[in-house]
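Letter by letter, the chains look like this.
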Amino acid sequence: MSSKPKSFLSSMIRKRARRRDLLRKKTNVCLHRARKSLRSSDNGRQECSRVSDKLEALKSLIPCHCGDVNADQLFKETADYILLLRTQVMVLRKLICFYGSNEGENVV
């Protein structure tokens with residue numbers, strides 16, 4: 001009887017040690033990835049600069065942006081502007097259908 005509890009305890013200790021080792025390995029992998037990303041912070045700065053450049057280009061395309069806006073507001077204004085342009089195209093198409101297309105005539 002005394003051998004069963006001892007073997008049970010030793011198996012539990014081995015399982016716990018395996019879990020601890022596995023957890024350490026996972027933690028080391030995560031730490032390695034974190035260190036690697038910290039080492040490549042120049043890449044992060046370049047990516048941030050590229051994103052900033054693209055946001056500035058987007059700001060220049062949107063006619064009604066109000067001064068210094070954050071990215072969320074810029075995206076909302078962009079979406080609104082796209083909807084406005086789509087509506088204008090739809091209205092112009094309806095006008096062409098209503099008045100007819102006079103390709104042969106020169107309209108002044």
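Residues numbered from 1 in each chain as written. Predicted model: local features only at pLDDT ≥ 70, side-chain atom pairs only at ≥ 80, totals over all residues. Heavy atoms only, no water.

(A) The arrangement of the environment of E77 in detail. Residue position: E77 is located in helix α3 (residues 71-99). Judged by relative accessible area, E77 falls into the buried class, the value being 17%. (Helix = DSSP H or I, 4+ residues; strand = E, 2+ residues; numbered from the N terminus. Buried < 20%, exposed > 50% of the residue type's maximum accessible area, 1.4 Å probe, protein only.)

(B) Main features of the pattern of salt bridges. Tallying each qualifying case throughout the model produces 2 salt bridges. Two residues, D80 and K76, come together in a salt bridge whose shortest N-O distance is 3.3 Å. Taken together, the positions of D80 and K76, both in helix α3 and 4 residues apart, correspond to about one turn of that helix. Here D80 falls in the partly exposed class, since its relative accessible area comes to 41%. Judged by relative accessible area, K76 falls into the exposed class, the value being 54%. (Salt bridge = Lys/Arg side-chain N within 4 Å of Asp/Glu carboxyl O.)

(C) Broad picture of the packing of aromatic side chains. Tallied over the entire structure, the rule returns 1 aromatic pair. The interplanar angle of 85° and the centroid separation of 4.9 Å between the aromatic rings of F98 and Y99 together place this pair among those described as edge-to-face. Y99 gets classed as exposed once you look at its relative accessible area, which sits at 60%. (Phe/Tyr/Trp six-rings, centres within 6.5 Å; stacked < 30°, edge-to-face > 60°.)

(D) A look at the side chain of T78. Along the chain, the position of T78 falls in helix α3. Given the relative accessible area of 12%, T78 is considered buried. Filtering out sequence-adjacent residues up to four positions away, T78 remains in contact with L58 and I62. (Contact = heavy atoms within 4.5 Å.)

(E) Inspection of α3 at higher detail. Counted at 1.5 Å a residue, the expected span for α3 with its 29 residues is 42 Å, and the 42 Å between its end C-alpha atoms agrees. Listed in full, the buried residues belonging to α3 are L74, E77 and T78. (Expected span 1.5 Å × (residues − 1).)

Any link to function would need more than the numbers given here.
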